[in-house]
Amino acid sequence: MHEETVYDALDSAHGGEGQWAFGTGFDEPLAGVDTTVPDGIDPADLGEYCLMLGDDALVLAQRLTEWMTAARELEEEVAFGNTALDLLGQARLLLARAGSVGVLGRSRERATPSIPDEDALAYFRDPDEFRCTALVAAPGGDFGQTMVRLLAASTLRLAVFTRLRDSRDPVLAAIAAKGVHELTYHRDHAARWVLRLGDGTPESHRRAQAGVDAVWPLLADVFSATDVERRLVAAGVAVDPAATRSEVTAVLTQVLGQATLRVPEWPADVPPRGRVGEHSPDLTALLATLQGLARQHPAATW
Amino acid sequence: MTDPELPLVTLADLGVLRDVRVEDGVVVVEITPTWSGCPAMGVMRADLVHALHRAGYAEVDVRTVLSPAWSTDWITGEGRRRLAAGGIAPPGPAPARSTGPVPLTLGPSRRTAECPVCGSADTVETSAFSGTACKALRRCRSCAEPFEHLKER
């Protein structure tokens, strides 16, 4: 009875024309939200920054989803699914924000008009148009490495989002304020697992350490700001990633220390790579999986 | 109107429904998402439009409100009673909202919940994640039943 009502309602909400088959939802996630850009903020920069934060979430969600049907315990599979869903929700809001200020890259030329902006951005941009870091794009490795990467990525993102709550863009500030609660759960979950694995059996310790050693080189560009970020920091919109350095290193050092894991030397800073569209073939392979079906059937509805 | 994933509570009892008013003959409904990835938002929106149309209101505008972020503290007493009666332990007080860095919690979860089956307080969290984004999984040490807990935020 209830389902009938739901599908009736959904159908009528879309004029009985069906819903695009690969989309994340039924309506634009910022429907009714005031998306006016405050004075003194360059909309192109704002949109580009939303792509950086949105792509990090979208790509990490995809990496975590690779554990579906592969996790060793049902509870952990559910945890991966929920974490990925939270990130996907953040990605949707951020990509919709980028779309609302007209930053769509070449996606609109490729996507059919009925596809919402956030879906066009997710499914119809090429790898060089993505703005995620290598930290989230790299393959996940085993469970230990997956948890070390999740710890590093969620610690960084939480440090950025707590500061972003004060952004001069009210939409970005609201997305960040919502996300802080979710990222806190993600970071603490990953930290507890790193603790358990590092301070567990010799085998779990060995593999967790191998995970740390594999993830650490990916941190070389996470504190480097792009020109877009620098301009937006000056405008009171963005967070300078370098401003999160002491908090992030303190959290990671604390967790690894308690987990009896060796903290590798922090890699020397390098200029931004993923944030300016320079990616390894790992992202191309990931996007082929993420986007393949939607691109083969760009007008499919259900 | 109820949450499609928690059909035992209304959107008002859940704190998702923020405002309903008439502006120039248009019914304006404001709703706020619970968790960012909650897939029920689109369904809620469509349900609301459908219900208002059925009730005779032709012009309906359902708006999303992102700020302030939804908190479990907004769930009403009636909502909490209905959750517990439906086998879902209601949330405790939400963690304090600070403006600074969020402290790391490395120990076991300190969240507590009474078993909705037998009422025992002797329950343990088996996972911080469950069937939907907003719930954790617990087990009762008195009656051994597993149950879900709407987690605080």
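Residues numbered from 1 in each chain as written. Chains lettered and ligands numbered in written order. Predicted model: local features only at pLDDT ≥ 70, side-chain atom pairs only at ≥ 80, totals over all residues. Heavy atoms only, no water.

By the element assignment, A:Ala191 lies in helix H8 (residues 170–198). The exposure class of A:Ala191 is buried, given its relative accessible area of 0%. In this structure, the C-alpha to C-alpha distance between A:Ala191 and A:Gln254, residues 63 residues apart in sequence, is 9.8 Å. Look past the residues within four positions of A:Ala191 in its chain and what remains in contact with it is A:Leu151, A:Val255, B:Leu104 and B:Leu106. (Helix = DSSP H or I, 4+ residues; strand = E, 2+ residues; numbered from the N terminus. Buried < 20%, exposed > 50% of the residue type's maximum accessible area, 1.4 Å probe, protein only. Contact = heavy atoms within 4.5 Å.)

To continue, consider the environment of A:Met68. Residue and element names in this part refer to chain A. Structurally, the position occupied by Met68 is in the loop between helix H2 (43–65) and helix H3 (74–100). Since its relative accessible area comes to 28%, Met68 is described here as partly exposed. Sequence separation between Met68 and Gly81 is 13 residues, and the spatial gap between their C-alpha atoms is 7.2 Å. Setting aside anything within four residues of it in sequence, one finds Met68 in contact with Glu77, Phe80 and Gly81.

Residues and elements named next belong to chain A. All chains considered together, the criterion is met by 7 aromatic pairs over all chains. Geometrically, the ring pair formed by Trp67 and Phe80 is stacked, given 5.4 Å between the ring centres and 15 degrees between the ring planes. Linking Trp67 in the loop between H2 and H3 with Phe80 in helix H3, this pair joins segments that are 13 residues apart in sequence. Each of the two residues, Trp67 as well as Phe80, counts as buried. Relative to Phe143, the ring of Trp67 has its centre 5.8 Å away and its plane inclined at 90 degrees; by these criteria the two rings are edge-to-face. Of this pair, Trp67 sits in the loop between H2 and H3 while Phe143 sits in helix H7 (residues 143–164); the two residues are 76 residues apart in sequence, bridging distant segments of the chain. Each member of the pair, Trp67 as well as Phe143, carries the same accessibility label: buried. Through a chain of ring-to-ring contacts, the aromatic side chains of Trp67, Phe80, Phe143 and Trp193 assemble into a single cluster. Here Arg125 stacks its cationic end above the ring of Phe130, 4.0 Å away from the centre of that ring. (Phe/Tyr/Trp six-rings, centres within 6.5 Å; stacked < 30°, edge-to-face > 60°. Lys NZ or Arg CZ within 6 Å of the ring centre and 35° of its normal.)

Glancing now at unusual backbone geometry. All names here are of chain B. With omega at 0 degrees, the peptide bond leading from Ser67 into Pro68 counts as cis. Looking at the secondary structure, you find Pro68 in the loop between strand E5 (60–64) and helix H3 (77–85). Phi is positive for Ala144, close to 70 degrees, though the residue is something other than glycine. Note on placement: Ala144 falls in the loop between strand E8 (135–140) and strand E9 (146–150).

This part is about the sheet that holds strand E3 (residues 17–23) of chain B. All names here are of chain B. Reading across the sheet, the 3 strands line up as E3-E4-E5 and stay open at both edges, with mixed pairing between neighbours. Of all the strands in the sheet, just E3 and E5 have a single pairing partner and so form its edges. For this sheet the average axis-to-axis angle between neighbouring strands, irrespective of direction, equals 20 degrees. Where E3 meets strand E4 (residues 26–31), 6 bridges bridge the pair, whose relative direction is antiparallel. Looking across to E4, one finds that Asp19 is bridged to Glu30. Sitting on the sheet, helix H2 (residues 41–54) touches E4 and E5, and the angle it makes with E5 is about 155 degrees. (Pairing = 2+ DSSP bridges. Axes fitted to C-alpha atoms, helices over the stretch in contact; angles between N-to-C directions.)

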